[in-house]
Amino acid sequence: MSSHASTPAAGSAHTLPSYLQADNLGPWGIYLQQVDRVTPYLGHLARWVETLKRPKRALIVDVPIELDNGTIAHFEGYRVQHNTSRGPGKGGVRFHQDVTLSEVMALSAWMSIKNAAVNVPYGGAKGGIRVDPKTLSMGELERLTRRYTSEIGIIIGPTKDIPAPDVNTNGQIMAWMMDTYSMNVGATATGVVTGKPVDLGGSLGRVEATGRGVFTVGVEAAKLTGLAIEGARVAVQGFGNVGGTAGKLFAEAGAKVVAVQDHTGTIYNGKGLDVPALLTHVKANGGVGGFAGADSMNPGEFWGVDCEILIPAALEGQITKDNAGKIKAKLVIEGANGPTTPEADDILHDKGVLVLPDVIANAGGVTVSYFEWVQDFSSFFWSEDEINARLVRIMQEAFAGVWQVAQEHKVSLRTATFIVACQRILHAREMRGLYP
Ligand code: GLU
């Protein structure tokens, strides 16, 4: 890197607000550390790396709604567009009581990396509202979603930034978002969000896509490391859309899902859980707690369960320096975004545990979101077989590319994925140049 290039970055670092600093231990600080780890591998493109260390655009919105009891409640919402060098912003919307600007910034940045890693023509974005949606009625949830959509309507759009489901959001919420945006622009704009119900321009296979991607890269890594899926013991944290589908696909391939943890409990069955029965139980009861075909387990014991494959598929910051040492799995497949801290990454690496990082492992969701967006633009819809075949091909090719880079540079798969993705983003950045 030339001194000319590095001066502005070094000069401005101390003036950054605290939430932009690498010593902030939140998700954004973790993301900054991940970028620092990859910078030495970027060659002349390192000149542009500062681009990745700040979001292009971040919007904070007030979301007031009338509650069913007649009072007015205000919620804080966000939409962050981290990077748009390779295409429009793309990434989900999360409704959770712990959502902060820093978290949404990190999630938007991981979307930039993920979209570049699987080479879909998008930048990265993410949104969220700090709210516990379980405390809201359906009517309140609809009003919250519509007001939020209207507030962020100034920066989203089918060619600008395309939201999708994430934690605690789903097809119904995407339908309300699509309708609200469409009402505001005066025309039905199906391409403004993905993850919609199939009857509203959604794509077949989208709901299962993230879990299917997790399974696909897991199978590829197992082949490369000589791990048999048949009979492998699997532990899953989070049994929603991602963990539930991944667990089901691994069980169908002959693996035994032995432990599952979510916010309602931790369950264990050494002979293998009946996954279809567990999925039915979760649908009816909102979580795995109380499932009859298993023993309940102390939550802290989950990480030390005897297993070959561990799938964190809930929230970020779950595998830390405090529990990474206990992990017995050979393969960790990150269905969640940001589940492993950098210190934990190093501990797992030293123990010889192979981590398939979020930015490739859970990219199946946004890949089928891309298919949905393309189908909406052409108003021509593909069969589920075609969608799944294209998804598997993209995931396999992206994973093979990342694997090769990891071997070449003798780095972790996370660093390798960041190398591939950052090079793509910064190459686009360089070719486009600075305006004015
Ligand atoms: N929320 C998902 C993710 O974190 C999907 C985003 C999308 O489809 O745009 O990758």
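Residues numbered from 1 in each chain as written. Predicted model: local features only at pLDDT ≥ 70, side-chain atom pairs only at ≥ 80, totals over all residues. Heavy atoms only, no water.

**Some thoughts on the confidence of the model for the chain**
With 94% of its residues at a pLDDT of 70 or more, the chain shows a mean pLDDT of 94. Confidence, read as mean pLDDT per element, is least for helix α1 (residues 3-13) in the chain (41) and greatest for strand β6 (residues 161-162) (99). Note on residues 1-13: pLDDT under 50 across the span, and nine contacts to partners over four residues away in sequence or across chains. (pLDDT = per-residue confidence, 0-100. Helix = DSSP H or I, 4+ residues; strand = E, 2+ residues; numbered from the N terminus. Contact = heavy atoms within 4.5 Å.)

**A look at the site of the ligand**
Residues in contact with the ligand amount to 14 residues; listed here are only the nearest, Lys90, Lys114, Pro165, Asp166 and Ser369. The contact in question runs from an oxygen atom of the ligand to an N or O atom on the side chain of arginine 206, over 3.1 Å. In the environment of the ligand, an oxygen atom lies 3.0 Å from a nitrogen or oxygen atom belonging to the side chain of asparagine 337. For the ligand, whose free accessible area comes to 290 Å², the fraction covered by protein is 95%. (Near = heavy atom within 4 Å. Polar contact = N/O pair within 3.5 Å; in protein donor to acceptor, adjacent residues only side chain to side chain. Areas by Shrake-Rupley, 256 points an atom, 1.4 Å probe, with all protein chains shown as cover.)

**Notes on the pattern of salt bridges**
Counted by the stated rule, this structure contains 23 salt bridges. The partner of aspartate 161 in a salt bridge is arginine 79, with the nearest N and O atoms 2.6 Å apart. One end of the pair, aspartate 161, is in strand β6; the other, arginine 79, is in strand β2 (residues 72-83), with 82 residues separating them in the sequence. Across the pair, arginine 79 and aspartate 161 agree in class, each one buried. Members of the salt-bridge network, linked through shared partners, are Arg94, Glu103, Lys126, Asp166 and Glu316. (Salt bridge = Lys/Arg side-chain N within 4 Å of Asp/Glu carboxyl O. Buried < 20%, exposed > 50% of the residue type's maximum accessible area, 1.4 Å probe, protein only.)

**Digging into the side chain of serine 369**
You can see serine 369 is positioned in helix α11 (residues 364-378). Apart from residues lying up to four places away in sequence, serine 369 is in contact with Lys90, Tyr122, Ala164, Thr194 and Arg206.

**Some details on the sheet that holds strand β8 (residues 256-262)**
The strand order across the open sheet built from seven strands is β10-β9-β8-β7-β11-β12-β13, with neighbouring strands paired in mixed fashion. Unpaired on one side and paired on the other, β10 (295-296) and β13 (354-356) mark the two borders of the sheet. (Pairing = 2+ DSSP bridges.)

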